[in-house]
Structure formats: structure tokens, C-alpha cells
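Structural description and commentary
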Amino acid sequence: MIRPFGLRDAWKIKQLQPRGVAFDLRRLLLRSSLPTSSAILGSLTRQSLGAITFVYYGSNRSDVRGFIQLAPRKGGSAWDLTYLAPSLDDRQGLPSTWCDLLRHAIQAGAERQVMRVYARPPEDGEMEHLLRRVGFALVGREEVFALTEPPPPTAPPRGFRLADRQDSWELRELHRKTMPPVVYQACGAWPMGDRSSTLLGMSHEQTDYVWTEKGEIVAHLGLAAGPKGYWIECVVRPHYRADLLPHIQHLVSLTDCSKSRPVYFAVPGYSVGLGWLLRTLGFGSYSQQLVMVAHTVHRVPVYKPVPASAMEGCPEMTPQ
């Protein structure tokens, strides 16, 4: 049986958390938090803060077989899978347990009008297979690069500026025209602050920048900051990708990049050549992850007229 987390489950969650799998490198690298703390905070605040946690019980309340955690995105229309325990490498980590927990999370999301559940697992064939089994579709892959030595300060390149709300429509068009259709349809644009996390009640502060040429936006760069590091994402038109180097260099120079607080840069699979630019700045490949999404389905009652065949041919009643 799978139920929402209760405070009585905290000890069991604490025992399981070292044996689980964390998802989403951005969340993990910027501000990791203990699953137990996130579960307690979510329970106390009715998920307005912390994580949404579901616990898999065995034959009795004391038999906890696993748990799953999800973080709601800003606006509440999407969740991110953040933690699942025990891992498949654990002797108690069964594929059936994972499937049951994942299916329950998708169903719970549908009941709460959540349209999508995202998962960013590490590159692992068995994990990908199980996620596909329960309804997740592979959207793409990301390679994450890391920098620990900051470049020298540079002046902002021409046309590089902070984004503002008036750029929203043009940014959506940039994303729509730049991303592969399957990626855009599954994930859409990432508007300013869209992936802010409510984990532990503290969002990843994100600052958005645009690069304009002749009054037209040709690139969108988002810089998120956390206690443990920085995270950069970028959408740029292919014809301008080779000229992005000074813009990245200036953006990195705005951080206090160090070994204790690296700058991470996510490069989607369709941004061919961007990794080469990052290497020229001293970035090195850190890790890879998949990007997967499950679209939820909400059951609603449908009423349609049913012909009463037994009444056919009966004489009509004429009022007197």
C-alpha cells in the first residue's frame, strides 16, 4: 500500500535515504537536502514547502519498503522527480517497487491537476527501461560541464543585457524555433524562473539574460545560484552558437566561481558544438543525464444520452 508521508514514517525514511537515488543534477548540485527533512517540511506545510513524499508500506505500518519524492514547480502544473529509494542496486530495491511508486506518483499528480511529471535520471539502461514502462518518454539527453577556476573579468558584449517581462513573447518564439519539436512539445519554453524549486522553501535564485542582434533576441541564458554552486542553461539560434563564447565568459565572470562553488553548464544533445566552446573556457565534462517526461491523465465523468429502447412504439399520452 502506498500512502502520503506521515511524521511517524520519519525514522524509516531516515534509514532508507542513504540507499536511494537522487534525480536532477541541477537540484542536487545547487542545493542538496536530506529527503527526511524535505518530507517533514512538506508534511507540516501541506506541500507548500518541502517535497511531496509517498511511502510504500508492506503488510503493516512498520514495514516500509520504499519511498518517492517530488518537487512541485512554480505554478503547480508540473512536478520533478527528486528521490527514489531503495536503489535498484540495493538488495531490497525491486523493479516492481519502483514501478508501483512511479505509477502512484503519476496518478497522484493527475488528481491534483498536474499536467507533467519530469524525471532526469543518470544515464542508466535499467532506470530508463523502468521509467518507460510506467509512462515516461525520453525527450533528450544533457551533458553537464563544470568549471572551478573563474576566467578573468570581461566587459559585457554588445547586445548582452538583462531580460525583462517585455521579452516573454519573443523568448517563447526563440525557444519554439530553436528547440527540436519533440523537446518543445514535451517541455515547452523555460520562462524566467519556471524551474524554481520549492524544496525546503528556498528557490534557486535565477537571473535571465538575452543577447540581441539588430533588435532581435538570438540567445537566452539563465543563471541560477545556490549555496553549492551555479547553473547555466542556454538557448541560442544555431547560426549564432559559434559566437557565444564572449557572452558565456562574461556571464561566468559575474559569479564567484571556485572549487567549493563551481559553475555548471547544461548542454542539451541538440546544441552541437556548445561543449567545444565550454572546453575552451576551461569547463570539463562532469556528468550526463536523461530528460524524461510523463504526461498525466485525469479521469472525468462523461454523460451521454442512452436510448430507452423499451419505450419505443408506446402510444403517446395526450393531456386532457
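Let me sum up the structure you'll find in this document. All figures in this text were calculated on a predicted structure; none of them were measured in a lab.

Reading the values: rules and limits
Residues numbered from 1 in each chain as written. Predicted model: local features only at pLDDT ≥ 70, side-chain atom pairs only at ≥ 80, totals over all residues. Heavy atoms only, no water. Buried < 20%, exposed > 50% of the residue type's maximum accessible area, 1.4 Å probe, protein only. Helix = DSSP H or I, 4+ residues; strand = E, 2+ residues; numbered from the N terminus. Contact = heavy atoms within 4.5 Å. Pairing = 2+ DSSP bridges.

**Comments concerning helix H6 (residues 168-178)**
- Taken as a whole, H6 has its buried residues at Leu171, Glu173, Leu174, His175 and Thr178.
- Where H6 is buried, its residues meet helix H7 (181-187), strand S9 (205-213), strand S10 (216-226) and strand S11 (229-236).

**Brief notes about the side chain of Glu128**
- Position of Glu128 among the secondary structure elements: in helix H5 (residues 125-133).
- On the accessibility criterion, Glu128 (14% relative accessible area) is buried.
- In contact with Glu128, not counting residues within four places along its chain, are Leu138, Arg141, Leu290 and Met292.

**Structural notes on the pairing of strand S3 (residues 52-57)**
- Counting buried positions along S3 gives six out of six residues, so the element sits mostly inside the fold.
- Every second residue of S3 is oriented toward a common face, with Ile52, Phe54 and Tyr56 on one face and Thr53, Val55 and Tyr57 on the other, all of them buried.
- As defined by bridge partners, strand S1 (residues 2-4) adjoins S3 across three bridges and the pair is classed as antiparallel. Considered in S3, the bridge of Arg3 is made with Val55.
- Looking at chain direction, S3 and strand S4 (residues 64-72) are connected through six bridges and run antiparallel. Paired with Val55 across the bridge in S4 is Phe67.

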